[in-house]
Amino acid sequence: MAIKKILIVDDEEPIYTYLQKKLTKLGFHVSVATDGEGALKQALNNLPDVILLDVKLPKLNGIEACKRLKADGRTRDIPVLFLSAKTQAKEIEEGLQAGAHKYLCKPISFPDILKEITALGESGESRLD
Amino acid sequence: MAGRFQINPLKFGILGKLLLSFLLLACAPLVVLGFIAHKNLYDMGTEAVRRTGDMGARNLESAVKIGKEAITDSVRELDKKSTEAIELRTYKLAQRVADFLYERDKDLLMVAASEPDPRRYLQIYRSCQRQIIVSGPWPRTEEEAQPPKLESQNPENQTSWRHLPPYQFQKATIPLFKEITFVDLEGREKIKVADGKISHELKDVSKKENTYCKAEDYFRQLPQLKQGEIYVSRVIGAYIRGWLEKAPEGIKVKPESAYAGKENHQGKKFEGIIRWATPVNGKNGRRIGYVTMALDHTHIMEFTDHVMPTEERFTVHADGASGNYAFMWDDRGKCISHARDFFICGYDPETGREVPGWVSEETYREYQQSGLSLEEFVERLPSFREFTMKKQGSKEQMQAGTLGLDGRILDTAPQCQGWHNGTEDGGSGSFLIYWSGLWKLTTYAAIPYYTGIYGKSKRGFGYVTIGANVEDFHKAANVTKVEIEKSIREQGEDIKAATAENRRMLHQTEMRNRWAIIGVAMLSVLGVCVAATVISLNITKPLKELTAGALAMSQGNLHQAIQVKSRDEIGKLAKSFNEMAAAVSKVDQMKSEFVTIASHELRTPIQAMLLSVSGILGGYSGQIDQEAQEDLEMARDGIERLMRLIDALLDLSRIEARKIELHPVRTTVGEITERALEEIGALAAAHKHQVVVWIPPELPEIEVDKDLVVQVTINLLSNSIKYTPEGGKIILNAQHRGNELILTVADNGYGIPAWAQEEVFNKFFQADSIMSQKVGGTGLGLTISKGIVDEHGGSISCRSPLSPDQFPDLPLGGERQGTIFEVHLPL
């Protein structure tokens with residue numbers, strides 16, 4: 001299954017703006033949420049193919065949001081890629097425990113992010129079949 | 001030289017100093033005072049005991065002296081009085097004997113005056129009688145033994161009332177004479193009254209064998225007598241033997257011996273006579289014969305036999321053994337009356353010869369060698385030759401039982417010589433003699449009877465002697481002496497006991513004082529030690545805690561709190577320390593938090609930058625020319641370096657805040673070095689370095705946080721890469737030694753000067769200060785590495801420069817000084 005719909009959850013305007021602009025330009029359907037609760041709403045409304053999730057978020061943090069997504073049957077199978085400036089081993093472990101597919105540490109280059117999304121699409125194809 | 005014994009007070013701790021000061025200030029004076037007090041007390045006590053003892057000894061000495069003088073005085077007085085009394089008694093006795101003898105002269109002359117007539121003679125015989133004390137059981141009655149005491153009837157006479165009951169001896173009246181005879185001029189007895197009757201056994205007395213004991217030769221003397229002159233014989237009687245034997249209680253008289261008073265009152269008594277004779281004229285005035293009267297010698301003996309020179313005064317039986325008795329000697333010095341009758345000289349009735357008297361052993365031996373008969377020998381012996389009580393009486397004579405005392409030859413008894421001397425002028429007197437182990441007073445008095453042969457010397461008939469045991473009349477004084485001696489002895493013992501008691505008490509007091517002083521001293525020493533220990537503990541314990549806390553803080557553990565109990569200076573210090581530690585800890589925490597937050601906050605803009613730059617370089621923002629491409633690559637490098645710096649800062653802050661968590665896993669050194677080389681390979685290649693890895697295959701597995709140890713290895717390798725001139729050589733080596741795994745990274749780089757070899761592990765160590773050229777780097781790699789190694793309980797160090805001998809594989813020289821980093825990890 002090719003990735004088509006991407007949900008970006010980040011409260012940093014330059015980051016989500018850049019990602020939305022460039023990913024949209026590459027042909028993805030990109031939606032953006034700037035807090036945890038918004039992320040949950042968007043996920044349910046759009047049912048994206050992948051969620052790029054920041055950890056440090058207003059209202060509901062990324063870890064908690066991920067847990068709720070995984071707890072909800074409708075969103076459970078959506079792969080979550082954490083994209084966080086929290087880079088300590090403990091924080092990474094926590095993220096993976098919450099059910100994320102991968103934990104990417106900021107700063108990460110755009111090509112690397114793209115590589116991760118593409119890789120997810122390729123493996124996701126085989127997984128879903 | 002002096003330094004050898006010098007005590008450096010700085011070397012003592014607080015406890016030592018306190019103890020030393022306390023002991024010097026408190027205990028030493030106490031001990032000195034105690035010693036002085038103890039010594040003074042002891043000296044005083046010793047002096048007191050000595051003086052008491054001396055005083056007691058002096059008192060005792062004077063008591064002994066006074067006692068001795070008193071006794072000597074009283075003995076002297078008693079002796080004098082007693083001596084005088086006994087002397088007087090002796091003298092009176094001698095007078096009475098003389099009077100008695102003169103009476104017999106009168107009797108004789110009275111008989112001679114009348115015509116010889118048997119009836120008349122019998123009448124005279126019967127009328128001449130005299131009482132004698134006869135031996136018999138005495139006392140006969142209880143009353144005689146304990147006669148009722150006659151008390152004074154007038155109280156005014158009571159003082160020193162002394163009453164003696166009358167002497168109640170059994171007496172008998174016997175004739176004075178054994179016989180009265182009339183002998184004619186030829187010696188034939190014409191009249192004879194004997195045994196209370198007129199005898200018809202008339203004998204010729206001119207013949208000795210017809211006389212008493214065949215010993216009389218009076219008839220030969222009679223013709224020379226003028227009318228009215230009197231012949232008086234000496235004592236004539238048969239000698240009766242006696243034997244003395246030694247017994248445990250003293251000298252004993254054998255029972256077969258002659259009568260010996262108390263010692264042998266059953267024995268046969270000496271029987272003798274003294275014959276008086278005088279011429280008788282007939283009516284015509286011519287001599288017709290002689291009248292003789294034989295006095296029974298019993299009456300002479302009676303004068304002395306019952307005399308006691310003691311309080312007893314008189315006795316039935318004299319006691320020869322006691323030494324207190326009277327005896328009598330004739331004019332020649334032969335014994336004629338004695339308590340022991342075998343001492344009275346006598347005749348052998350068989351031969352009519354005198355039995356020789358007792359002589360000394362020496363004299364007896366002389367006799368044995370003389371070839372003479374004993375009678376002849378004795379007759380020729382000079383009188384009073386070498387008399388001394390050192391001589392012993394002849395044993396042969398003792399065995400024979402012939403012990404008559406002839407004072408002229410009794411050379412074992414010097415007193416005989418004394419009496420004979422003393423009576424030479426007819427006088428009387430006394431002297432002391434040590435006889436048979438006793439001091440004996442012996443008195444003498446000449447018997448002033450001078451009729452016939454007795455008129456030849458002033459000694460007269462002979463002499464009365466009385467022996468008296470001095471001790472007996474010393475008795476009163478001796479009792480006093482014994483009492484005084486006893487009291488002195490008791491006093492002496494009392495003084496001795498009191499002195500001993502004083503000494504004992506002194507010793508006890510001394511011991512008590514000593515133990516009290518020792519006890520107090522020891523208690524105070526103990527107290528001082530305890531006090532010093534408590535005080536020093538109060539000071540040193542918090543100080544030690546403070547030291548430990550400060551040390552821990554210096555090692556990075558900033559969470560320190562000291563238990564504070566006291567409110568003193570130490571307490572304040574601890575409190576300040578705690579406050580300081582809290583403040584430092586808070587600052588540190590704030591710093592760590594700051595770094596964490598800062599690194600997070602920095603990442604966000606960097607992310608934005610990186611997204612843009614990486615997007616452009618990735619071609620997502622359209623085509624750019626070559627120059628822009630290169631410029632953006634520079635920007636990307638800067639962003640990446642910034643990222644590394646932020647990562648390193650974050651690691652450092654975590655290490656410093658002890659927030660690092662180890663996740664130990666079992667792994668091999670090979671795996672670690674492989675991963676490190678993977679990371680570093682490109683960098684090494686960029687610097688054209690040759691990296692050589694020497695890992696022995698037999699190394700054991702290790703249990704470490706793999707990622708962190710990999711990071712350490714990377715840090716060390718990249719350090720070597722950066723500080724080695726291009727085309728260098730880096731050797732990564734691992735080895736196993738003891739309980740440690742040693743990982744080394746050696747290079748032939750610029751080297752690190754000695755002064756910087758520890759400082760390189762400090763954060764942001766200015767590599768510029770030792771480097772001539774600038775090398776890129778965070779300046780935190782070695783600091784982080786040290787933190788990780790320390791966290792594993794290991795150690796890290798470096799050495800530089802390297803010697804070619806030790807590292808032959810490293811081309812050294814010039815700017816290639818070489819450095820080796822060594823990591824020790826516990827297995």
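Residues numbered from 1 in each chain as written. Chains lettered and ligands numbered in written order. Predicted model: local features only at pLDDT ≥ 70, side-chain atom pairs only at ≥ 80, totals over all residues.

**Focus: the overall build of chain A**
Next, step 1: What chain A contains, in helices and strands, is 5 helices and 5 strands.
Next, step 2: Moving toward the C terminus, one meets the helices and strands of chain A in the order β-α-β-α-β-α-β-α-β-α.
Next, step 3: Across the 129 residues of chain A, 37% fall into the buried class.
Next, step 4: If you take every contact in chain A between residues at least 6 apart in sequence, the share linking residues at least 24 apart comes to 60%. (Helix = DSSP H or I, 4+ residues; strand = E, 2+ residues; numbered from the N terminus. Buried ≥ 20, exposed ≤ 12 C-beta atoms within 10 Å, placed from the backbone. Contact = placed C-beta atoms within 7 Å.)

**Description of the overall build of chain B**
Next, step 1: Along the backbone of chain B there are 16 helices and 25 strands.
Next, step 2: Scored against the burial criterion, the 827 residues of chain B give a buried share of 32%.
Next, step 3: In chain B, 69% of the contacts between residues at least 6 apart in sequence involve partners at least 24 apart.

**Points about the interface of chain B and chain A**
Next, step 1: On the chain A side, the residues contacting the 14 residues of chain B number 12 residues.
Next, step 2: The element contributing the most residues to the side of chain B that touches chain A is helix H12 (residues 569–617) of chain B, with 11 residues.
Next, step 3: Within the side of chain B that touches chain A, the residues separate by chemical class into 6 nonpolar, 7 polar and 1 charged. (Nonpolar A, V, L, I, M, F, W, Y, C, P; charged D, E, K, R; others polar.)

**Quick look at the packing of H12(B) against helix H13 (residues 626–656) of chain B**
All names here are of chain B.
Next, step 1: At a minimum axis distance of 10 Å, the contact between H12 and H13 shows a crossing angle of 160°. In this view, H12 runs roughly antiparallel relative to H13, as classed from their interaxial angle. For the crossing formed where H12 meets H13, the hand is left-handed.
Next, step 2: Partitioning the contact of H12 with H13 into residue classes produces 16 nonpolar, 6 polar and 4 charged. (Axes fitted to C-alpha atoms, helices over the stretch in contact; angles between N-to-C directions. Parallel < 35°, antiparallel > 145°, perpendicular 65-115°, else oblique. Left-handed = near helix turned anticlockwise from the far one by under 90°.)

**A word on the pairing of strand E4 (residues 189–194) of chain B**
As a general feature of sheets, a regular strand has side chains that alternate between the two faces.
Residues and elements named next belong to chain B.
Next, step 1: Where strand E3 (residues 177–184) and E4 come together, 5 bridges link them in antiparallel fashion. What sits directly across from Glu179, in E4, is Ala194.
Next, step 2: With antiparallel pairing between neighbouring strands as the criterion, E3 and E4 make up a hairpin whose turn holds 4 residues, including Gly187 at a positive phi of roughly 100°.
Next, step 3: Pairing geometry for E4 and strand E5 (residues 197–198), over 2 bridges, is antiparallel. When the sheet's bridge partners are listed, Val193 is paired in E5 with Ile198.
Next, step 4: Remark: 2 residues form the turn of the hairpin made by E4 and E5, two consecutive strands paired antiparallel; Asp195 in that turn has positive phi of roughly 55°. (Pairing = 2+ DSSP bridges.)

**Looking at the confidence of the model for chain B**
Next, step 1: Averaged over every residue, the pLDDT of chain B is 86; the share at 70 or more is 94%.
Next, step 2: Low pLDDT, under 50, characterises residues 1–10 of chain B; the predicted model gives this stretch 1 contact beyond four residues in sequence or across chains. (pLDDT = per-residue confidence, 0-100.)

**Overview of the sheet that holds strand E18 (residues 462–469) of chain B**
Residue and element names in this part refer to chain B.
Next, step 1: Pairing within the open sheet is antiparallel, and its 5 strands lie in the order E13-E12-E18-E17-E16. Of all the strands in the sheet, the pair left with one neighbour each is strand E13 (335–337) and strand E16 (428–435). The mean inter-strand angle of the sheet, taken between neighbouring strand axes irrespective of direction, is 30°.
Next, step 2: Seen against the sheet, helix H5 (residues 298–305) touches strand E12 (325–330), E13 and E18 and runs at an angle of roughly 85° to E13.

**A closer look at helix H9 (residues 414–422) of chain B**
Next, step 1: Regarding H9(B), the residues found buried are Gln415(B), Cys416(B), Gly418(B), Trp419(B), His420(B) and Gly422(B).
Next, step 2: The elements touched by buried residues of H9(B) are E12, E16, strand E17 (438–447) and E18 of chain B.

**Section: helix H2 (residues 36–46) of chain A**
All names here are of chain A.
Next, step 1: Every buried residue of H2 is listed here: Gly36, Gly38, Ala39, Leu40 and Ala43.
Next, step 2: Where the residues of H2 are buried, they touch strand E1 (5–9), strand E2 (29–33), strand E3 (50–53) and helix H3 (62–71).
Next, step 3: Phi turns positive one or two residues past the end of H2, at Leu47, with a value near 45°.

**As for the environment of Pro279(B)**
Residue and element names in this part refer to chain B.
Next, step 1: With respect to the helices, strands and loops of the structure, Pro279 is situated in strand E10 (residues 272–281).
Next, step 2: Classification of Pro279 as buried rests on a count of 21 C-beta atoms within 10 Å.
Next, step 3: Sequence separation between Pro279 and Pro223 is 56 residues, and the spatial gap between their C-alpha atoms is 8.2 Å.
Next, step 4: Contacts of Pro279, omitting those with residues within four sequence positions, involve Leu225, Gln227, Arg287 and Tyr290.

**Things to note about the nonpolar core**
Residue and element names in this part refer to chain B.
Next, step 1: Of all hydrophobic cores here, the largest spans 92 residues; its most connected members are Ala94, Val97, Val291, Met293, Ile447, Tyr463 and Val464.
Next, step 2: Top element by residues in this core is helix H1 (residues 14–113). It accounts for 9 residues.
Next, step 3: For this core, the two domains that each supply at least three residues are domain 1 (13–113 + 474–555) and domain 2 (114–136 + 167–473).
Next, step 4: Dropping the residues within four chain positions of it, Met293 is found in contact with Asp107, Leu108, Val111, Phe177, Ile180 and Trp276.
Next, step 5: Listed in part, the 40 residues of the second largest apolar core include Ile655, Ile702, Leu802 and Ile820. (Core = buried A, V, L, I, M, F, W, Y, C linked by C-beta atoms within 7 Å. Domains from an automatic or database assignment.)

**Some remarks on the environment of Leu225(B)**
Residues and elements named next belong to chain B.
Next, step 1: Looking at the secondary structure, you find Leu225 in the loop between helix H4 (218–221) and strand E6 (231–232).
Next, step 2: In the structure, Leu225 is positioned 53 residues away from Thr278 in sequence and 7.2 Å away in space, judged by C-alpha atoms.
Next, step 3: Residue contacts for Leu225: discarding those within four places in its chain leaves Tyr231, Thr278 and Pro279.

**Re the sheet that holds E1(A)**
Residues and elements named next belong to chain A.
Next, step 1: Taken together, 5 strands build an open sheet; the order of strands is E2-E1-E3-E4-E5 and the sheet is parallel. Across the chains shown, the open sheet's two edge strands, defined by having one partner strand only, are E2 and strand E5 (102–105). Sheet twist, expressed as the average angle between the axes of neighbouring strands with direction ignored, equals 20°.
Next, step 2: As paired elements, E1 and E3 share 4 bridges and run parallel to each other. Paired with Leu7 across the strands is Ile51, a residue of E3.
Next, step 3: The sheet strands contacting H2 are E1, E2 and E3, and the helix crosses E1 at an angle near 170°.
Next, step 4: Each of E1, E3 and strand E4 (80–84) is contacted by H3, which is oriented at about 175° to E4, the strand it contacts most.

**What about the pairing of E16(B)?**
Next, step 1: Of the pairings in the sheet, the one linking E16(B) to E17(B) comprises 8 bridges and is antiparallel in character. From the neighbouring strand, Gly429(B) faces E17(B), where its bridge partner is Tyr444(B).

**Side note on unusual backbone geometry**
Next, step 1: Omega for the bond connecting Lys106(A) with Pro107(A) falls within 30 degrees of zero, at -5°, which places this linkage in the cis form.
Next, step 2: Structurally, Pro107(A) can be placed in the loop between E5 and helix H5 (110–128).
Next, step 3: That bond from Ser800(B) to Pro801(B) is cis: its omega, -10°, falls within 30 degrees of zero.
Next, step 4: In this structure, Pro801(B) sits in the loop between strand E24 (795–799) and strand E25 (819–826).
Next, step 5: Although it is not a glycine, Leu47(A) adopts a positive phi angle of roughly 45°.
Next, step 6: Tracing the backbone shows Leu47(A) in the loop between H2 and E3.

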